[in-house]
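Next come the chains, spelled out residue by residue.
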Amino acid sequence: MGRTRRKRKLRATHERCCNFSLESHQETICLKKRMHELGWENRSQLVLKNFASTGRGVSSVLNIKHNQSLIEVPYELLITCANALETEVLNNLIKRCKRTKVQDILATFLILEKHKGEKSKWKFYLDTLPDELPFLPWLSNETELSAFPSHLMKIAKKRKWDMDVSWERIEKSINSNWTCFCCGEPLNRVITFNAFTWGYAMVNTRAVYIQPDIVIELLGKDLSSYLSDEPCLALCPFLDMFNHSSEANIKAELTCMDESWKYTLTTLNAYKKHQQIYISYGSHDNEKLFCEYGFFLSHNHLDHIQYSLEEIASIDNISLSMKQRSFIQSRCLGDELYIYTKGLSFNLKALFFVIQKPDIEWSRIIYSEGYENHDYLLMYTSARDIVTLRKLHHIEELRNLESVAISKYALAIIGFLKHRIHFIEQILSFLNSRI
Ligand SMILES: C[S@@+](CC[C@H](N)C(=O)[O-])C[C@H]1O[C@@H](n2cnc3c(N)ncnc32)[C@H](O)[C@@H]1O
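All values derive from a computational prediction rather than experimental measurement.

Digging into the site of the ligand
Argument step 1. Close contacts around the ligand come from 13 residues, with R56, R206, N243, H244 and Y293 the closest.
Argument step 2. Here R56 contributes a side-chain N or O atom positioned 2.8 Å from an oxygen atom of the ligand.
Argument step 3. Alone, the ligand offers 560 Å² of accessible surface; in the complex the protein occludes 85% of this.
Argument step 4. Of all the elements in the fold, those that place two or more residues in the shell around the ligand are α10 (193–206) and β7 (243–244).
Argument step 5. In terms of residue class, the shell around the ligand is built from six nonpolar, four polar and three charged.

Set out below in structure tokens:
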């Protein structure tokens, strides 16, 4: 290998595993320039960087204080349903495609704008979007889906089904005579299934929530005859570069400042300059993060193992009496049954107690958490049994998946399952320490 190639290879390896600035990249320069022209003031001096731990993300050249405004993006820079419906194609499309979803409209808008290339006024933003699909489990093919762990399979099939239904609705509404105004290409060759999948995944992983009443008020038009949901999603340039942390606390809102609307993020955490600044996408456990955003966190204090009442009852062939059933039902004790690294959820403790002590008056003890030591011992022992069983299931599922794994999606799921097994082992060691 020549010296130049060796140097290049070294640089590529370095870039892959180290933090480095993206400020000199053409996409970042164009994004920031256009946003400044349209009124964005980068008061917190945010910069884009590649971080070894998360990929592209945001930091600042200044220290960021607790309760400081991080970013204020003018409303005109947001891509909402309102912008999308200004385009003739989408306007015609939603009239034929009755009661579309906001996500479908934004996804189709992204495809059309991307297709326009240089002619798109959103090019500065589109160029910052990844071309590659994120690792969303529901983008796997049918063969892989059928080898998924059963719980993930159910979620993934439902999400895939949602997207397929959305695609069918859009596909059916494209008139075969419609052509693209910029190049004359038939629109059904521009809005293809692959393009829609990309747009849909972009909106899924990057859109923010905005108050729908404000969108409707600013648009001055009711969208309810076209939309089956509320216009509560928007794509927000630069703001969609922040990565998620379960430790981050953030206030996000559309606010009117000096007579103009802005989407603002205020951080309730402090950050040192050059450190990655995180936001929160919501109080999500790892399964939710993995299914909706295609990643999971190695330390997520919101992570837990979820159970259903039926699952718990079936493990020990428990048959509940009428009295137990009606108590559980009336107090909703069949919901929110989970175990995390520090213990059992309130409802799971209560459920075990009702199962293990069928003949006493439960309410007083449950609601004062007045359990005795031997009650806890029984609960933790039952918890250990169901957690061990879940671990064995996962080991079996991992073995199955490893025998069919071919795509990057399946490999991502293998990584997720391995992490899940490790997480279960942490829970087991907690339970063992209490028994
Ligand atoms: C809103 S975007 C954030 C910016 C994104 N990293 C980028 O380069 O465009 C959301 C996506 O970022 C990635 N992401 C967000 N938080 C992450 C984290 N803590 N670790 C790894 N990836 C993360 C996931 O791929 C997710 O779908």
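Re the sheet that holds strand β11 (residues 305–307)
Sheet strands associate in pairs through backbone hydrogen bonding, adopting either a parallel or an antiparallel arrangement.
Argument step 1. Strand order in the open sheet made by the three strands is β11-β12-β13, with antiparallel pairing throughout. Where the open sheet ends on each side, the last strands, each with one partner, are β11 and β13 (343–344).
Argument step 2. Sheet topology places strand β12 (residues 337–340) next to β13; two bridges connect them, and they run antiparallel. For Y340, the partnering residue across the bridge sits in β13 and is G343.
Argument step 3. Contacting β11, β12 and β13, helix α17 (residues 373–404) crosses the sheet at an angle of about 100 degrees to β11.

Overview of the domain arrangement of the protein chain
Argument step 1. As assigned here, the protein chain comprises domain 1 (3–63), domain 2 (79–235) and domain 3 (305–434).
Argument step 2. Its C-alpha centre places domain 1 at a distance of 44 Å from the equivalent point of domain 3.

Thresholds applied
- Residues numbered from 1 in each chain as written.
- Predicted model: local features only at pLDDT ≥ 70, side-chain atom pairs only at ≥ 80, totals over all residues.
- Heavy atoms only, no water.
- Near = heavy atom within 4 Å.
- Polar contact = N/O pair within 3.5 Å; in protein donor to acceptor, adjacent residues only side chain to side chain.
- Areas by Shrake-Rupley, 256 points an atom, 1.4 Å probe, with all protein chains shown as cover.
- Helix = DSSP H or I, 4+ residues; strand = E, 2+ residues; numbered from the N terminus.
- Nonpolar A, V, L, I, M, F, W, Y, C, P; charged D, E, K, R; others polar.
- Pairing = 2+ DSSP bridges.
- Contact = heavy atoms within 4.5 Å.
- Axes fitted to C-alpha atoms, helices over the stretch in contact; angles between N-to-C directions.
- Domains from an automatic or database assignment.

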